[in-house]
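Observations on chain architecture
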Amino acid sequence: MAVNGTSPLTVRFPTLPAHPDPVTDAILDSGLLQELSHAFGGPFHFLLPHRFDANLAALRAVLEEAGVDGRVYYAKKANKAAVWIERCAAGGAGVDVASLGELHEALGHGVRGEDLVVTGPAKNDELLRASVLQGALTTVDSLDELDRLLARARTRAGPHRPARLLLRRLPPAQPDSRFGMDGAGIEEALGRCVRAGDTIRMEGFSFHLSGYATRPRADLAGHLVDLCLKARALGLRADRISIGGGLAVDYAAAADWHAFLAAQRPAHYHARKSFPAGGFYPYHSPVAGAAALRAVLAAVPGGGRESLAARLRGTRTALLTEPGRALLDRAGSSVFRVQGVKDRDGYAILTVDGTSLSLSEQWFGSEYLPEPALVTPAGRALGPGTHPACVGGASCLESDLLTWRKVPFPARPAVGDLLVYPNTAGYQMDSNESPFHDLPLPPKVVIEAADGPDTGGARPRWRLDRRPAR
């Protein structure tokens, strides 16, 4: 087995380990995952709800230290598990929903209607109707949608339950975005809101901004504050703005990330697969999660003299944010069992018992780069990597690879070993899932692990995630 005549033991394959995670390592070493793999007979995901709670608390702490009135909504689209909604209901957090099904599930797990924000483009009439009836806050994306919401408000809403709404602004720096209204559309929408009177409660503005840079988000937030002041002059409430999500997650150390980008090339991937420049998620972000929100609040919006936090305080404007991935950081992993090993020229092709539909970065024509841990019957394999392998799925498609990259595993993977992909709760484990080949969807296991690395030798407790019957 050689690569261009070179022994695979002498070829240096780039590596990208995830940040150390003692809690997850304790679960890997407990023997629980092997038992669950045997019980389910296929891949599964495990979830750590205490991490969700910690991420939510960190975001709230940033708002408090900035003296800003605000609210955190969990973007439900980031992960379908019910446990996150249960945590929102228990902790008083809001939930961002974009479909009637998501709205029903949030209500079914105890989240009050007034704690929902309904987003998404061109919401259908049933979703608008439910939003009005439940007292949810609706992000209005167009004049047509505003008219349809007003029609439902006049039909269904009484004087004590007006339709609550935010007007979504098209980002001037992203004029090709399909989300939001331009300046003229906002002007017209404000006029219609004024004429609607008590039928509606126009609470402010929002935007949908691509990317993870904090300065553009702060600049556009400052613009929304200006719009709130203009709307108040027209007699509208307009006392809050939503900056959406877009808070990056830091998966890997800076040195590892930059070294990987500098070293990786097509020869390091099965079939010499190549990815477009800049096509990978930024798996290292120097400002992520709560720190990213802190940076947005500390930034001075363009043309201003004071920070966004100061502007929000001075104008008595609340800040809403709708993170998904940032609330799910380190809150779950995905487990696959190796069911086949095939040697190629200098590397192995592994086949696991699931498909790449359960690792959704492939949906974006990219690669999930934080590498999986190898768990053998004897426990987690440790040491320097010398056994490169890519990871294929159990379907009949050439493109079904969970990992195109030849990952340098610390031991030669064998049938029956487990591959545990780290930190997959945010958008990875179920965004693109499908029962292709009539394979069952991987179940989700909620693990009630200790908050620290020392579990006292006790086996972690677990249960299946609960979802309401449809």
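Anyway, here's the lowdown on the structure attached to this text. (Residues numbered from 1 in each chain as written. Predicted model: local features only at pLDDT ≥ 70, side-chain atom pairs only at ≥ 80, totals over all residues. Heavy atoms only, no water.)

Take the overall build of the protein next. Looking only at helices and strands, the protein has 12 helices and 18 strands in total. The C-alpha atoms of the protein give a radius of gyration of 24 Å, which matches the 23 Å a tight globule of 470 residues would have. Across its three principal axes, the protein shows a C-alpha extent of roughly 75 × 45 × 45 Å. Buried positions account for 54% of the 470 residues belonging to the protein. Restricting the contact set of the protein to residue pairs at least 6 apart, pairs at least 24 apart contribute 73%. Within the structure as shown, the protein displays about 19,600 Å² of accessible surface, and the carbon and sulfur contribution to it stands at 52%. (Helix = DSSP H or I, 4+ residues; strand = E, 2+ residues; numbered from the N terminus. Rg over C-alpha atoms; globule rule 2.2 N^0.38 Å. Buried < 20%, exposed > 50% of the residue type's maximum accessible area, 1.4 Å probe, protein only. Contact = heavy atoms within 4.5 Å. Areas by Shrake-Rupley, 256 points an atom, 1.4 Å probe, with all protein chains shown as cover.)

Glancing now at the packing of helix 5 (residues 100-108) against helix 6 (residues 125-134). Each pair of packed helices can be described by the angle between their axes along with the distance between the axes. Interhelical geometry of helix 5 versus helix 6 gives an angle of 30° and a closest axis separation of 9 Å. On the basis of the axis angle, helix 5 is roughly parallel to helix 6. When helix 5 is examined against helix 6, the residues L100, L103 and L107 are found in contact with a partner set consisting of E126, L127, A130, S131 and Q134. Class assignment of the residues belonging to the contact of helix 5 with helix 6 gives a composition of 5 nonpolar, 2 polar and 1 charged. (Axes fitted to C-alpha atoms, helices over the stretch in contact; angles between N-to-C directions. Parallel < 35°, antiparallel > 145°, perpendicular 65-115°, else oblique. Nonpolar A, V, L, I, M, F, W, Y, C, P; charged D, E, K, R; others polar.)

Attention shifts here to the nonpolar core. In terms of nonpolar packing, the biggest core is built from 78 residues, with W84, L167, M202, F205 and L297 touching the most fellow members. Among the elements that take part in this core, helix 9 (residues 214-233) stands out by supplying 8 residues, more than any other. Residue contacts for L167: discarding those within four places in its chain leaves V140, M181, I186, A189, L190, C193, M202, G204, F205 and S206. Within the second largest apolar cluster, 34 residues are counted, among which are L16, F280, Y283 and V407. (Core = buried A, V, L, I, M, F, W, Y, C linked by side-chain atoms within 4.5 Å.)

The next thing to look at is the pattern of salt bridges. Applying the stated criterion across every chain yields a total of 33 salt bridges. Among the ionic pairs, R237 bridges to D239, the shortest N-O distance being 2.9 Å. Classification of R237 as partly exposed rests on a relative accessible area of 36%. The shortest N-O distance in the salt bridge between D343 and R412 comes to 2.7 Å. In this pair, D343 sits in strand 10 (residues 332-343) while R412 sits in the loop between strand 15 (401-409) and strand 16 (418-421), placing the two residues 69 residues apart along the sequence. (Salt bridge = Lys/Arg side-chain N within 4 Å of Asp/Glu carboxyl O.)

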